[in-house]
Amino acid sequence: MSTPPETLYARTDAALGTFSVRPLDPFADAELLHGWVTHPKAAFWMMQDATLPDVEREYMRIAAAEHHHAFIGLHEGRPAFLMESYDPAEVELVGLYEPLPGDVGMHFLVAPTDSPVSGFTRAVITTVMSCLFADPSTQRVVVEPDVHNTAVHTLNEAVGFVADGPVRKPEKEALLSFCTRAQFEAATI
C-alpha cells in the first residue's frame, strides 16, 4: 500500500470546506492532469493537444527544475486544482520586468467540472495565494495571464492583484500583475 503524499498547506473556507495543497507526482498525477490541461476550458493553459506522455514530460521537467514547482490542490481531500510557483527572476519573466526580493510567480488551473459551485474558483485562488504567503519570504506574487483571459483578470483583481501592463512573452501577450501581502490581506478580509 502506498503512502499518501504529504499535505504542504491547508485552509478552511467558511462556505466550501477544506482546501489543501500537496506535492505533484509527475507519474501518479499525469492521467488526472492530462484530462485537466486538455479540456476546452483550459485553453489558456496552452496544452490542448498534449498527449499523456507530453504531460508526464512537462511535469517531470518541472519536478526536476530548481526554480519551478507544481502542486495538486485538493478540496475535501479530492484533487480539484493545479498550482505552480516559480522564481520570476529565473524563469517565465526573465528580462520582462525588474524582479524584487520576495517575488514569486504563480499559475493555477481549476479542474473542469460538470457541476460548478458558486465561489469555488475564488476559494481556490485564495487558497493558492494563502499558501504562497504562508512562506514568510514571499513578499509579492506575480502573474502573467494571457491578455484575453478576462475572467482570470477579474478574479486576480478580487484577491488584490494590480495590473502593471502587457508584456510580450514568446507564447503570448500577457498582462503582468502584482499582489503584495498587504494587498491580498486587504482584499480577502
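Our structure is the block above this text.
Read on for a plain summary of the structure.

**Topic: helix α2 (residues 52-64)**
Taking 1.5 Å per residue, 13 residues should reach 18 Å; α2 reaches 18 Å between its end C-alpha atoms and fits that length. Buried-residue contacts for α2 involve α1 (30-37), β3 (68-75) and β4 (78-86).

**Notes on unusual backbone geometry**
Even without a glycine there, the phi angle at Glu76 is positive, about 50°. Structurally, Glu76 is set in the loop between β3 and β4.

**Comments concerning empty space enclosed by the protein**
According to the stated counting rule, one finds one cavity of 30 Å³ or more in the structure shown. The calculated volume of the largest cavity comes to roughly 50 Å³. Breaking the lining of the largest cavity down by element, the ones donating at least two residues are α4 (150-158), β7 (162-168) and β8 (173-180). Ranked by residue count, the leading element in the lining of the largest cavity is α4, at three residues. Tallied by class, residues from the lining of the largest cavity come to four nonpolar, three polar and one charged.

Rules and cut-offs
- Residues numbered from 1 in each chain as written.
- Predicted model: local features only at pLDDT ≥ 70, side-chain atom pairs only at ≥ 80, totals over all residues.
- Heavy atoms only, no water.
- Helix = DSSP H or I, 4+ residues; strand = E, 2+ residues; numbered from the N terminus.
- Expected span 1.5 Å × (residues − 1).
- Contact = heavy atoms within 4.5 Å.
- 1 Å grid on protein atoms, 1.4 Å probe; cavity = no way out; pocket = protein on both sides within 12 Å on 5 of 7 lines; lining within 4 Å.
- Points joined across faces, edges and corners; volume = space filled by probe spheres on them.
- Nonpolar A, V, L, I, M, F, W, Y, C, P; charged D, E, K, R; others polar.

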